[in-house]
Amino acid sequence: ILSGLAAAANSGGWEAVKQCIDFGLFMKFLPVSLCFATGLSLKMMAVDHFQAGTIKIVGQMRLPAIALLSALLLGRRYSPAQWQVIALISTSCIA
């Protein structure tokens, strides 16, 4: 945490440090970060039940999930080209 705050202070000054400890911003990103952490934990638990290749491919499916959640929960906007690339990556994981 301290190294992150130091990096923020070095790159953006005191305003960047204030953004790092802003509770409102923390709460805004909390749902997506909890989903991300849960997904990584479940991925680690899957090692006992699936082959490594299967886990790797399914793990790549977190990209569209994170993009969708960030659009829905955080109001993030992606361009049509970005959605096309996300769809291409998703399709290549499934195929």
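Further up the page is the structure itself.
Definitions and limits used
Residues numbered from 1 in each chain as written. Predicted model: local features only at pLDDT ≥ 70, side-chain atom pairs only at ≥ 80, totals over all residues. Heavy atoms only, no water. Salt bridge = Lys/Arg side-chain N within 4 Å of Asp/Glu carboxyl O. Helix = DSSP H or I, 4+ residues; strand = E, 2+ residues; numbered from the N terminus. Contact = heavy atoms within 4.5 Å. Axes fitted to C-alpha atoms, helices over the stretch in contact; angles between N-to-C directions. Parallel < 35°, antiparallel > 145°, perpendicular 65-115°, else oblique. Left-handed = near helix turned anticlockwise from the far one by under 90°. Nonpolar A, V, L, I, M, F, W, Y, C, P; charged D, E, K, R; others polar. Patch = residues over 30% accessible without salt bridge, like charges linked within 9 Å, V, L, I, M, F, W, Y side chains within 5 Å. Areas by Shrake-Rupley, 256 points an atom, 1.4 Å probe, with all protein chains shown as cover. Buried < 20%, exposed > 50% of the residue type's maximum accessible area, 1.4 Å probe, protein only.

Two side chains bearing opposite charge may form a pair once their charged atoms approach each other closely. Within the structure shown, the criterion is met by one salt bridge. Note that K18 is salt-bridged to E15, the shortest N-O span being 3.1 Å. Within this pair, K18 and its partner E15 are both found in helix α1 (residues 2–20), separated by three residues, close to a single helical turn.

With respect to the secondary-structure elements, V32 resides in helix α2 (residues 23–46). In this structure the C-alpha to C-alpha distance between V32 and L73, which are 41 residues apart in sequence, comes to 7.5 Å. Discounting residues that sit within four places of it in the chain, V32 has contacts with L69, S70, L73 and L74.

A word on the packing of α2 against helix α4 (residues 62–74). Following both chains from N to C, one finds α2 and α4 inclined at 160 degrees, their axes separated by 9 Å at the closest point. Of the possible angle classes, the one that applies to α2 and α4 is roughly antiparallel. Where α2 crosses over α4, the two elements pack in a sense that is right-handed. Contacts between α2 and α4 pair K28, F29, P31, V32, C35, F36, L40 and K43 from the former with R62, I66, L69, S70, L73 and L74 from the latter. Grouping the constituent residues of the contact of α2 with α4 by class yields 10 nonpolar, one polar and three charged.

Let us now look at the packing of α4 against helix α5 (residues 80–94). Across the interface, α4 lies against α5 with an axial gap of 9 Å and an inter-helix angle of 145 degrees. Of α5, the residues touching α4 (which contributes L63, P64, A67, L68 and A71) are W83, I86, I89 and S90. In terms of residue class, the contact of α4 with α5 is made up of eight nonpolar, one polar and no charged.

Attention now moves to a nonpolar patch on the surface. There is a patch of nonpolar side chains on the surface, built from L68, L72, L73 and W83 and spanning about 410 Å² of accessible area. It is α4 that provides the largest number of residues to the nonpolar patch, a total of three residues. Of note, W83 is situated in helix α5. For W83, a relative accessible area of 32% gives the class partly exposed.

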